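# Structural overview for review
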Amino acid sequence: MGMITESKFHVLAVDDSLFDRKMIERLLQKSSCQVTTVDSGSKALEFLGLRESNDPNAVETHQEVEINLIITDYCMPGMTGYDLLKKVKESSAFKSIPVVIMSSENVPARISRCLEEGAEEFFLKPVKLADVTKLKPHMMKTKLKKEGEKPSEEENATLKPVIEILPLHQELESEQHESSTLSSNKRKAMEEVISTGRSRPKYNDITTSV
């Protein structure tokens, strides 16, 4: 299991065959995906936190793991891929995770049933690299949806300047008001000087222009 990085999609691969698990893991890693593999549907549910565990911390830890896609084999002992698909789609927390079914048998009725239940794709084994490239648009939806639920840093950044600008705007208005008041007072003072000048005796050949 590789280290979690923000740039990678995280895929949960479910298959009871060790050979098939290794093959799908290798293909996904070539597509720059982080891969977690389990060998049964019940272990996949435990990893997602959809099944009760004896360890009280297990569910809490697993629920914090971001999964962008689940790819599962159809024919598995105990819980089939179809059963796992139904459990995931019934969960309010994980129903938005894309689920892809794999099978070595081409049974049209089985394929239709899985697609009707909410599977994004149905691949016939052996899975090829060309099949894996079809998964990226499905995984991208989960990334975009998750990012859309939180306010972006850019949105938060645009809110702060508005709060900071308002006091500055009020301060400018106050300065403009003081400036206009001073100008008005100066104008009145000049008018008073002029009016008093007019009341004084006029001298010959002296004219005061206003």
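To start, this report covers the structure provided alongside it. (Residues numbered from 1 in each chain as written. Predicted model: local features only at pLDDT ≥ 70, side-chain atom pairs only at ≥ 80, totals over all residues. Heavy atoms only, no water.)

To continue, consider the overall build of the chain. A count of helices and strands for the chain gives eight helices and five strands. Counted from the first residue to the last, the chain has its helices and strands arranged as β-α-β-α-α-β-α-β-α-β-α-α-α. The 210 residues of the chain split such that 31% are buried. By sequence separation, contacts in the chain at least 24 residues apart represent 63% of the contacts at least 6 residues apart. A total of about 14400 Å² of accessible surface is found on the chain, and carbon and sulfur atoms cover 53% of it. (Helix = DSSP H or I, 4+ residues; strand = E, 2+ residues; numbered from the N terminus. Buried < 20%, exposed > 50% of the residue type's maximum accessible area, 1.4 Å probe, protein only. Contact = heavy atoms within 4.5 Å. Areas by Shrake-Rupley, 256 points an atom, 1.4 Å probe, with all protein chains shown as cover.)

Counting buried residues in strand S3 (residues 69-73) gives five out of five residues, a clear majority hidden from the surface. Burial of the side chains of S3 extends over both faces: Leu 69, Ile 71 and Asp 73 are buried on one face and Ile 70 and Thr 72 on the other. Relative to strand S4 (residues 99-103), S3 runs parallel, the two sharing four bridges. When the bridges of S4 are listed, Ile 71 appears paired with Val 100. (Pairing = 2+ DSSP bridges.)

All right, on to empty space enclosed by the protein then. Following the criterion strictly, the structure yields one cavity of 30 Å³ or more and no others. One number sums up the size of the largest cavity: a volume of about 50 Å³. In terms of lining residues, the largest cavity is bounded by Asp 20, Met 23, Ile 24, Met 102, Lys 125 and Val 127. The dominant element in the lining of the largest cavity, judged by the number of residues it contributes, is helix H1 (residues 18-30), at three residues. Across the lining of the largest cavity, the residue classes break down as four nonpolar, no polar and two charged. (1 Å grid on protein atoms, 1.4 Å probe; cavity = no way out; pocket = protein on both sides within 12 Å on 5 of 7 lines; lining within 4 Å. Points joined across faces, edges and corners; volume = space filled by probe spheres on them. Nonpolar A, V, L, I, M, F, W, Y, C, P; charged D, E, K, R; others polar.)

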